[in-house]
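Residues per chain are reported as follows:
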Amino acid sequence: MTREAGVAARREGAASWRPRLAEGTAPVLVVLLLLLVGLAVTGPAYDEPSGYLALLKRAAPLMILAIGQYFVIVSGGFDLSVGALVTAGVVIAARLIDGDESATTGVVLLVLGFGLLVGLVNGLVTTKLLVPSFIVTLGMMLVLDGAVFLWTDGAPRGALSAGFRMFGRGSVDVPLLGEVPWSVLILLAILVAAALFMRGGTGRALVAVGDNEAAVRLSGGQVDRLRLLAFVLSGLLAAVAAILLGGFAGVSAQVGNGLEFRAITAVVLGGVLLGGGRGSVVAAAAGALSLEALFTLLNLLGVSGALESAVQGVIIIAAVAYAALGGGLRQRLRWRPKRNSTQPAPS
Amino acid sequence: MSVVQENVSPVRPRTGRAAPRPRLTPVAIVYLALVALLVVGSVLVGLRGEVLLDQAGILNILTRATALGLVAVGQTMVILTGSLDLSVAYLIGLTSLIAAETMAGRDGMVVPGVLLALAVAAGVGLVNGLVITVLKANAFIATLGVALILRGYLEDNYTGPAGDVPRGFQHLGYDRIGPVPVAALLMLAVAAVAWWYLSRTRPGYHMYAVGGDIEVARLSGVPTRRVVVTAHVLCSVAAGLTGIYLASRLGSGAPYVGTDAGYDLESIAAVVLGGTLLAGGRGGVVGTIGGVLILATLDTIFDDLAVDPFFKDVVRGVVLVTAVALYARRMTARRARGRLA
Amino acid sequence: MTKRWALVAVAGVLALAGCSSDLPEETPSGSGSPSSDTRRSEFFDQAEYDRQLAFRDATPQGPDGKPWEQMLEPQMVDTAKYAKPGGKYRLCFSNAAVDNPWRQVGFKTMQQEVKLHPEISDFVVLDAEAKDDKQISDIQSLSGRDCSAIIISPNTTATLTPAVEQACATGVPVIVFDRGVNTTCPVTFIHPIGGFAFGANGAEFLKENVKPGGKVLALRILPGVDVLEQRWAAANEIFSGSELDVVGVEFTDGDAAKTKSIVSDYIQREGKIDGVWMDAGATAVAAVEAFQDAGVDVPAFVGEDQQDFLRLWVDEGLTAVAPTYPTYQWRTPVIAAVKILKGEQVPKEWVLPQPRITGENVREYVKEDMPPLHYAMCGCEDMPGYPGPWK
């Protein structure tokens, strides 16, 4: 963004600091609300907050992955490597910690650093070598899957320490609220940070890159650097999700299977048009929570596990169709008066 | 509708004159790489005292290439229009079951079985195409949604292999002329038809146009919606053929025969390896077949060298990204050269 | 133009002349179809069920302390025609996959077993990566490689049968283990007692340890895998004939996080679960943790012989049983191959003992320093180099 445009954007943002929903967030929140009501009606556990806290605890890793995936998708790309990255994080942590409590901090930092590194590689290859992110992250997924199991000879070894697992499994006493799971606290912190980030100049620039890359480049914006940032954030958040999932579920060889598709589904459910430029990070997280709530509800209703996939498929198509058709209309209405503006929509 | 909108790189102005370089198209690069791979592979395998390209080896490579080749030809058409199809893996399983169950061991039911499987495949392709064009859903998500619906159907109705392919039809999966499987010839015939369609007919040309720039195509009077739907129907029919072929190999239908082999992502990898742009508008079936042969050869070489299966994955990932990076570099260089001319 | 078409026609005729087929000869299929009873699992086979349950009480023949060499009620066959004196065997193996820890441990054990036999000069392994189509090609490839014997671990029973028959037809001795095929052409078929016995072991344990009317949750990995379907079929049979209340049969996809979530949901839904039956133990620890996290007592549990479950069992003093599908069965095919090539007799169907780990003997099987997904029944403790390759 040019200096003037940046200053203008910041001023606009500063003037509107009251919490406001970005466009397109509303539908997914309605869906989420319906699902939560459904849960309250069907399940005895959801008559009290502890039930919902448990749902949040379980959904936290996917929500965090969805936030990371949001950054990448809104800037116009894909990150297919997050599932493999989660598995890699858990397996690496288990092997290095090997049950030794004192190694916990070091390994946690290492896993986070590993996520950063993978995101960096993804971003660099996409921006510098001009390979579409779909292909880069697909290749990275293959490489991670292969390399990690090559290193551990096919099956995970070692063990996670109690300290490591605390984040995904444990709770902490919060005044007024009682026992709140660590993962929920971490999730909330990330969500707030992400929302604030997206309101700032860099966040809006990210959305602009996905919306109209050529325009951003012509107005002097650092497209490559922004895209790189998106991938780095996605990798970092995938590492956080790995720590939470490893804590919750323990060591397993397939903890990350299919997570990349679930994260992308969540983001799309949240209303982000694939191809970039729309939606909000809150919507993406809400989409992930909705997915988790939906599966729980289906389980409670006794819907056979097989139909779960079919239901998920129908919902995906419906959600995207709604977002695209509705969004297309809104877009056409909005852009007419402001044809020359390169300001992206506030998020 | 283009799945990938990124990397629309601007022309980078270059000072000085670009030195004249031999013009190698991506297709040429693919086939040169294939030859190089065969040579290197033969040497490595020879060091172990065996021969890579004996009758069994060639048979191996071509057998592996057959199923993937059929799917990848279909996927090429879809990608050329700027779209994508992630539902092929489950569709392959479904069509193998439909074919095998309809045939039910009776020679007389072979033709109805094949026709029914292809009809269902075409129907799924139609759904894909309509969801993408009419409901304006992104191809990745639309076909992912359809894939999940197919998966739900398969999980609900099947607990394993079902149906019975009569021996007469199983010959399709096993007959060969020397080291060349009959099915591989069929696959090449399908590829040849696809090549002819794409490069010698107007609807085929339209596919390139839609993939290149859908708005320009629409403004030029190309019926973009019809083109995209056609591409998806043809892709799904190709997947149907793959399912039928695999049914003849296995003697029955199997719900997960498509997903076990990862034909969805593998076919995309083969297409991209063959030089087709993921964003559409450039590439073709000839390159795709080259990509398929490279993947099949890699697999065979790894088997002969007793390479760890996990190492295979690492190599495949690196090869994929490297190849596409190479093509992308060529594209920017060519654009720069074009600008100076 | 006509000249070109003539050339094409001639080429076509020549090609057809060279046409050949790898389709194996048709032989009558081996096993009968399972009985169909709508309330029972379609995989339930009364005759086989009774047979397997009887095997549990049979006395094995063979060296003490070496269950991978023992056989139950064997019917020996002559292998003199396969004898190859002079050693220098090339042993070939078509492996379905190494895509789960059970197969990983088994394969490592098999590789070490090969090293114990100096007569085997070459061990060729092809990994089918869990793809039927690839395994068919792999077996065809091995048939042309001058193998002294071919070991096959089939990915799927029905679809791999023609390929196995084709391998038999080459005259090379074929050994099948783990999953079976629908043909009797292999020289020997090696397997532990079977899925029905595995499932029954767990279900009977719950019947003994859970009060009548108690709530039992059944956790399964995937539908449609024949070895797992048999386990559930047997358990279902026993639960139907008991006073236990099976409150749920859920598929976990083998995913630890999903298992934990499902169990948590059931604990909340039912209030109290008195017993958990599982068809495999990879996610057993996650299921146990679900109870711990909910702050309730861990009920009677059916697990498997993974180290992480055994350790948890001992540390927490659980009431549990671990039926096993022993990984030591990966040693036996190599032993059988060597026997066959020496002309010694082997059983037509080599049924291995299928031990179960109970509260009484669990401590013997816990090995603190081994990986969490290492299987205790690997039969590898006395092999040279232990624990190196398995660690």
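Heads up: the structure comes first, above all this text.
This section reports on the structure supplied with the text. Numbering of residues begins from 1 in every chain and follows the order in which that chain's sequence is written. Chain letters and ligand numbers both follow the written order, the letters beginning at A and the numbers at 1. With the structure being a predicted model, the display of local features is reserved for residues of pLDDT at least 70 and the display and counting of side-chain atom pairs for 80 or more, all residues being used for whole-chain, interface and lining totals. Side-chain measures here rest on the full set of heavy atoms in the structure, leaving out hydrogens and waters.

As a further point, take the overall build of chain C. Helix numbering and strand numbering both begin at the N terminus, where a helix is a DSSP run of H or I of at least 4 residues and a strand a DSSP run of E of at least 2. Each helix and strand in chain C was counted, giving 12 helices and 15 strands. For the C-alpha atoms alone, the extent of chain C along its principal axes is close to 85 × 55 × 40 Å. Out of the 391 residues in chain C, the part that is buried amounts to 59%. Long-range pairs, those at least 24 residues apart, make up 73% of the contacts in chain C between residues at least 6 apart in sequence. When a residue's accessible area, from a 1.4 Å probe over protein chains only, is under 20% of the maximum for its type it is buried; when over 50% it is exposed; and in between it is partly exposed. Should any heavy atoms of two residues lie within 4.5 Å, those residues are considered in contact.

A word on the packing of aromatic side chains. Here a Phe, Tyr or Trp ring, Trp counted by its six-membered ring, pairs with any other such ring whose centre lies within 6.5 Å, and the pair is stacked when the planes are under 30 degrees apart, edge-to-face when over 60, and tilted otherwise. In this structure the tally under the stated criterion is 25 aromatic pairs over all chains. Aromatic side chains phenylalanine 177 of chain C and tryptophan 330 of chain C sit 5.0 Å apart centroid to centroid with 75° between the ring planes, which places their arrangement in the edge-to-face category. Taken as a pair, phenylalanine 177 of chain C in strand 6 (residues 174–177) and tryptophan 330 of chain C in the loop between strand 12 (320–323) and helix 11 (332–341) lie far apart in primary sequence, 153 residues in all. In this pair, the class of phenylalanine 177 of chain C matches that of tryptophan 330 of chain C, namely buried. Chaining the aromatic ring pairs together yields one cluster made of Phe93, Trp102, Phe107, Phe123, Phe177, Tyr325 and Trp330 of chain C. The criterion for a charge sitting over a ring is simple: Lys NZ or Arg CZ within 6 Å of the ring centre, and within 35 degrees of the ring normal. For the cation-ring pair, arginine 249 of chain B lies above tyrosine 174 of chain B, with the distance from its terminal atom to the ring centre recorded as 5.3 Å. Geometry around tyrosine 325 of chain C places arginine 231 of chain C over its ring, the cationic atom sitting 5.4 Å from the centre.

Below, the discussion takes up the interface of chain B and chain A. Note: interface size is frequently given as the accessible area lost on complex formation between the parts. In this assembly, 48 residues from chain B lie in contact with 49 residues from chain A. Note on terms: buried area is the combined drop in 1.4 Å-probe accessible area of two parts once they are placed together, counting the loss on both. Interface of chain B and chain A: buried area, both sides summed, is about 4000 Å²; carbon and sulfur atoms make up 76% of it. One side-chain nitrogen of Lys or Arg within 4 Å of one carboxyl oxygen of Asp or Glu is enough to make a salt bridge. Linking chain B to chain A there are zero salt bridges. Each polar contact in these results corresponds to two N or O atoms within 3.5 Å; when the atoms are within protein, one needs to be able to donate a hydrogen and the other to accept it, and residues that are neighboring in sequence are counted only if both atoms are side-chain atoms. Applying the counting criterion to the chain B and chain A interface returns one residue pair in polar contact (both at pLDDT 80 or more). Looking at the side of chain B that touches chain A, the element that brings in the most residues is helix 14 (residues 309–340) of chain B, giving 14 residues.

Once that is clear, we can look at the packing of helix 13 (residues 281–300) of chain A against helix 8 (residues 256–270) of chain C. Structural elements are reduced to axes, namely lines fitted to C-alpha atoms, with helices fitted over the stretch in contact, and the angle between N-to-C directions of any two is expressed from 0 to 180 degrees. It is at 11 Å that the axes of helix 13 of chain A and helix 8 of chain C come closest, and there the two elements cross at 50°. Regarding the angle of helix 13 of chain A to helix 8 of chain C, the classification is oblique. In the crossing of helix 13 of chain A with helix 8 of chain C, the sense of the turn from one axis to the other is right-handed. On helix 8 of chain C, the residues touching Thr296, Asn299 and Leu300 of chain A of helix 13 of chain A are Ile262, Asp265 and Arg269 of chain C. Gly is put with the polar residues, along with every residue not named as nonpolar or charged; the nonpolar set is Ala, Val, Leu, Ile, Met, Phe, Trp, Tyr, Cys and Pro, and the charged set is Asp, Glu, Lys and Arg. Taken together, the residues of the contact of helix 13 of chain A with helix 8 of chain C break down into two nonpolar, two polar and two charged. Note on terminology: angles under 35 degrees are roughly parallel, angles over 145 are roughly antiparallel, angles of 65 to 115 are roughly perpendicular, and the others are oblique. Rotating anticlockwise by less than a right angle from the far helix to the near helix defines a left-handed crossing, while the corresponding clockwise rotation defines a right-handed one.

To continue, consider the nonpolar core. Nine residue types can take part in a nonpolar core, namely buried Ala, Val, Leu, Ile, Met, Phe, Trp, Tyr and Cys, and a core is a set of them joined through side-chain atoms within 4.5 Å. Grouped together as the largest cluster of nonpolar side chains are 217 residues, with contacts concentrated most on Ile67, Tyr70, Phe71 and Phe134 of chain A together with Phe140 of chain B. One finds Phe93, Ile151, Val346 and Leu352 of chain C within the second-largest nonpolar core, a separate group that totals 68 residues.

This part takes up the interface of chain A and chain C. On the chain C side, the residues contacting the 24 residues of chain A number 25 residues. For the pair chain A and chain C, the summed buried surface comes to about 2000 Å²; carbon and sulfur atoms form 46% of the total. Linking chain A with chain C are four salt bridges, by the criterion used here. For glutamate 289 of chain C, the salt bridge is made with arginine 165 of chain A, and the minimal N-O distance between the two is 2.6 Å. Connecting chain A to chain C are six residue pairs in polar contact (both at pLDDT 80 or more). Counting only elements with at least two residues in the side of chain A that touches chain C, the list comes to helix 3 (49–74), helix 7 (162–169), helix 11 (223–249) and helix 13 of chain A. Residue classes in the side of chain A that touches chain C are distributed as 11 nonpolar, six polar and seven charged.

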